[in-house]
Amino acid sequence: MITRIYISHSEQDNSLAQGLENALWAVNLESFSSLFKKTDSLSDSELISFGIRHSDCVIVILTMDGILSPRVNQEIGLAVGTDQLIIPLLEYGEKLPALISQLPAIGFSRDTYEDALGVVIKDIRQLTKLDWLKIKCPHCGEEMTQYITPQEEVEKVLLEGTDLKTLCSYCENEVFVDPRTFKPRSPK
């Protein structure tokens, strides 16, 4: 069962990693990145080792900056060495590093990144059971938890080009949710 995911990324790709972290949070998965977590008593190498060894999966964000990053390449090496499940997110035009060149990658551009996040969530749903969805209501700001929408319904809404709909359990306003990332849309 997948419950915790390590996000490997370069410092320049913090915004992409934050988008992934938010999408994983929405489907109730814990994520960890050594660039987001800091402690006074642990070194960066200890944080990386702890994060990867205690995760069920490693998602690597590979832009040109990520591919050139020594830290990202070290994290890939540790993930391969500890036999972790690795899901590469590869920016179009880039090539996978040698250690993971045999893996299928989820391609993205800056304009299609949310589509790629939707593929990541779909792939994880095929590997493990995801029951809960967390949504922060854009109307009242309250965080609510509800059963996650079945994948068949998500696929249908994606084909229609519409949003998922739900009601806020606090303010009872209708909330429109992006079917790829489960991120609520701001009210108009």
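Everything here concerns the structure above.
Residues numbered from 1 in each chain as written. Predicted model: local features only at pLDDT ≥ 70, side-chain atom pairs only at ≥ 80, totals over all residues. Heavy atoms only, no water.

Draft legend 1. Fine view of the side chain of Ser 31. Along the chain, the position of Ser 31 falls in strand 2 (residues 30-32). With relative accessibility at 9%, the residue Ser 31 sits in the buried group. (Helix = DSSP H or I, 4+ residues; strand = E, 2+ residues; numbered from the N terminus. Buried < 20%, exposed > 50% of the residue type's maximum accessible area, 1.4 Å probe, protein only.)

Draft legend 2. Layout of the packing of aromatic side chains. What the rule picks out here adds up to 4 aromatic pairs. Considering the side-chain rings of Phe 32 and Phe 50, the 6.4 Å spacing of their centres and the 70° angle between planes classify their relative orientation as edge-to-face. One end of the pair, Phe 32, is in strand 2; the other, Phe 50, is in helix 2 (residues 44-53), and 18 residues separate them in sequence. For Phe 32, a relative accessible area of 6% translates into the label buried. Take Phe 50: its relative accessible area is 39%, and that puts it in the partly exposed class. Relative to Tyr 147, the ring of Trp 132 lies with its centre 4.6 Å away and its plane at 20°, an arrangement referred to as stacked. Taken together, the residues span a long stretch of sequence, with Trp 132 in strand 6 (residues 132-136) and Tyr 147 in strand 7 (residues 143-147) at a distance of 15 residues. Overall, the relative accessible area of 61% leaves Tyr 147 in the exposed class. In this structure an aromatic cluster arises from ring pairing among Tyr 6, Phe 32 and Phe 50. (Phe/Tyr/Trp six-rings, centres within 6.5 Å; stacked < 30°, edge-to-face > 60°.)

Draft legend 3. Seen up close, the sheet that holds strand 4 (residues 86-91). Spatial strand order, 2-1-3-4-5: 5 strands in an open sheet with parallel pairing. In the strand order of this sheet, the two ends are held by strand 2 and strand 5 (106-108), each with one partner. Taken over all neighbouring pairs, the strand axes of this sheet differ in orientation by 25° on average, direction set aside. In this structure, strand 1 (residues 4-8) lies alongside strand 3 (residues 57-62), joined through 4 bridges in parallel fashion. (Pairing = 2+ DSSP bridges. Axes fitted to C-alpha atoms, helices over the stretch in contact; angles between N-to-C directions.)

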